[in-house]
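# Descriptive structure summary
Single-letter residue listing:
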Amino acid sequence: MSSTFPSYVSLDYDAGRGESAADYPTLEDKIANAAEVTRQALEQYRRPAVMWTGGKDSTVVLYVVREVAAEMGVPVPPVVFIDHFEHFPETVAFVERWADEWDLDLVFARNEDFVRLDASPGDEIPLADLSETNRRELERLDYEGDTLTLDADTFEGNHLLKTVALNDVIADRGFDGIFSGVRWDEQESRAEETFFSPRHDSEKYPPHDRVHPILQFEEADIWAAFWEFIVPDAAPGYPVGHVPESTDDLPEGVAATDIPVSPKYFEGFRSLGTESGSAKSDDRPAWVQDLGASTEREGRAQDKEDLMGRLRDLGYM
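Below you will find a few notes about this structure. A quick note: this is a predicted structure, and the numbers were derived from the prediction, not measured.

What follows deals with the overall build of the protein. Per the secondary structure count, the protein includes nine helices and eight strands. Across its three principal axes, the protein shows a C-alpha extent of roughly 55 × 45 × 35 Å. Put simply, the protein has 317 residues, and 53% of those count as buried. Surface exposure of the protein reaches about 13900 Å², of which carbon and sulfur atoms provide 44%. Of the side-chain charges in the protein, 29 are positive and 66 negative, and the distance between the mean point of each set is 3 Å.

Laid out in C-alpha cells, this is it:
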C-alpha cells in the first residue's frame, strides 16, 4: 500500500464548499453538476471505484457514473459492496441481480477476520481471537473490553465491519478515488463535505479521495431522478415521470423486479441499514411519504451526529 497520495491527481478540493442544495435549484442543475464532477473524476483517477449499497443514493451515483463513462468511452469502474453480514436478504439479491444486468465488476468488501472465525451477528468474540490489525483498530477507538459483540450498529462494529473492510479493499486494489452517495442534507456531519474530499492521512486510511457527485441532491430529488431517468432507462417502455403509488400502480407489463428500485423502498423503508437496525417509516412506498415530516434515517439504529462525525474521521462514508 502506498503511504502517499498520487501526485497525478489535481483537483479543486474546495469545490462545493459553502454551498447547499439551494445553489442547484432544478433537477437538471443537480444532474448536470453530478455529471461534471463525475467527468473530472474519471479523467483524473487511474483506479476509481464506486461504493454501492443498493440503496437509492448510491444507485443514483452509479447511474451517473455509468452514463458519463459511456459518453467518455471508458470502462465503468469496479463497484464495491460492503458486506457487514447484516444486510436484508433482499438488498444482497438486488445488488447481485442488477450487477449482472449492468455487467458490473462487483467487489465484495468484508472484514475477513470475521469470515475466518465463521462469526455471526450477535456473537461474543474474544479479542484474543482477532487479528493484530483488528485489535489495533479497537485500540484506536479506546475500546477496553476483552470481548466484542459482533454488531454493525455499534460504534466498534461499524468501524470494523464497514470502515476497516472498505480500507482493506482500497489498499488491496489500489483505488485512488471512491465515488460515494452522501448528501449535504442527509446529516449534519456531512453538511460541510466538498465534491472532492481528500483522505490522505496514511495513519488513518490508505490515501485516497472521496468523490461526492450528489451532495446537492435532497431526498425528493433522488426519487425524481429515479422516475425521470433511472427507471425509464432500465425498463423499456416505462413512461418517463410516472411515480407509482404501489407495486400495483406500475405500468402494464412492468413488475417491481424489472426496475432498479430496492423492494424495501416499496415496503416503506426510507433508509436501508442493517436488517435488525432499520425500520420502515410508513406502509406507503418511500417516495410517496411526507419526506419533510421526519428525517429519512430516523428508523436507523445508528444515527447520532457525534457518532457519525467520529466515524467519518476514521474513514467511514
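Every buried residue of helix 5 (residues 132–140) is accounted for by Asn 134, Glu 137 and Leu 138. Viewed end-on, helix 5 has its buried residues packed into an arc of 100°, placing them on one side of the element. Opposite the buried face of helix 5, by more than 90 degrees, sit the exposed residues Glu 132 and Glu 139. Buried residues in helix 5 make contact with helix 4 (112–116) and helix 6 (155–173). A positive phi of about 60° marks Asp 142, the residue just after helix 5.

Burial of the side chains of strand 3 (residues 106–109) is restricted to one face: Val 107 and Ala 109 are buried, whereas none of Leu 106 and Phe 108 on the reverse face is. With four bridges connecting them, strand 2 (residues 79–82) and strand 3 associate as parallel partners. By the bridge assignment, Val 79 is partnered in strand 3 with Leu 106. Read from strand 2 through helix 3 (residues 89–101) to strand 3, the crossover connection turns out right-handed.

Mapped onto the secondary structure, Phe 269 falls in the loop between helix 8 (263–267) and helix 9 (305–314). Spatially, the C-alpha atoms of Phe 269 and Thr 147 are 33 Å apart, while their sequence positions differ by 122 residues. Residues in contact with Phe 269, not counting those within four places in the same chain, are Phe 88, Lys 264, Ser 278, Ala 279, Lys 280, Ser 281 and Ala 286.

Time to look at the side chain of Glu 193. Tracing the backbone shows Glu 193 in the loop between strand 6 (177–179) and strand 7 (196–199). For Glu 193, a relative accessible area of 5% corresponds to the buried category. Here the side chain of Glu 193 touches Ser 197 through a polar contact of 2.8 Å, side chain to side chain. A polar side-chain atom of Glu 193 sits 3.2 Å from a polar atom in the side chain of Arg 199.

What follows covers the packing of helix 1 (residues 27–44) against helix 7 (residues 219–234). At their nearest, the axes of helix 1 and helix 7 sit 11 Å apart, and the two run at 85° to each other. Accordingly, the angle class assigned to the pair helix 1 and helix 7 is roughly perpendicular. Side by side, helix 1 and helix 7 meet where Leu 27, Lys 30 and Ile 31 of the first sit next to Asp 221, Ala 224, Ala 225, Glu 228 and Phe 229 of the second. Residues of the contact of helix 1 with helix 7, tallied by class, amount to five nonpolar, no polar and three charged.

What follows concerns the pattern of salt bridges. Throughout the structure, instances matching the rule amount to 17 salt bridges. A salt bridge links Asp 57 to Arg 183; its shortest N-O distance comes to 2.8 Å. Taken together, the residues span a long stretch of sequence, with Asp 57 in helix 2 (residues 56–72) and Arg 183 in the loop between strand 6 and strand 7 at a distance of 126 residues. A salt bridge links Arg 116 to Asp 113; the nearest nitrogen and oxygen atoms lie 2.4 Å apart. Highlighted residues: Arg 116 and Asp 113, both in helix 4, separated by three residues, approximately one helical turn. Because the salt bridges share partners, they merge into one network encompassing Lys 56, Asp 57, Arg 183 and Asp 185.

Each strand in a sheet pairs with its neighbour through backbone hydrogen bonds, running either in the same direction (parallel) or in the opposite one (antiparallel). Across the sheet, which stays open at both edges, the six strands sit in the order 3-2-1-6-8-7 with mixed pairing between neighbours. The open sheet terminates on both sides in strands that have one partner only, identified here as strand 3 and strand 7. Pairwise comparison of adjacent strand axes, ignoring direction, gives a mean angle of 30° for this sheet.

What counts, and where the lines are drawn
- Residues numbered from 1 in each chain as written.
- Predicted model: local features only at pLDDT ≥ 70, side-chain atom pairs only at ≥ 80, totals over all residues.
- Heavy atoms only, no water.
- Helix = DSSP H or I, 4+ residues; strand = E, 2+ residues; numbered from the N terminus.
- Buried < 20%, exposed > 50% of the residue type's maximum accessible area, 1.4 Å probe, protein only.
- Areas by Shrake-Rupley, 256 points an atom, 1.4 Å probe, with all protein chains shown as cover.
- Lys, Arg positive; Asp, Glu negative; His and termini not counted.
- Charge placed at Lys NZ, Arg CZ, Asp CG, Glu CD.
- Arc of directions from axis to C-beta.
- Contact = heavy atoms within 4.5 Å.
- Pairing = 2+ DSSP bridges.
- Right-handed = clockwise from strand over helix to strand, strands pointing away.
- Polar contact = N/O pair within 3.5 Å; in protein donor to acceptor, adjacent residues only side chain to side chain.
- Axes fitted to C-alpha atoms, helices over the stretch in contact; angles between N-to-C directions.
- Parallel < 35°, antiparallel > 145°, perpendicular 65-115°, else oblique.
- Nonpolar A, V, L, I, M, F, W, Y, C, P; charged D, E, K, R; others polar.
- Salt bridge = Lys/Arg side-chain N within 4 Å of Asp/Glu carboxyl O.

That's the geometry; what it means functionally is another story.
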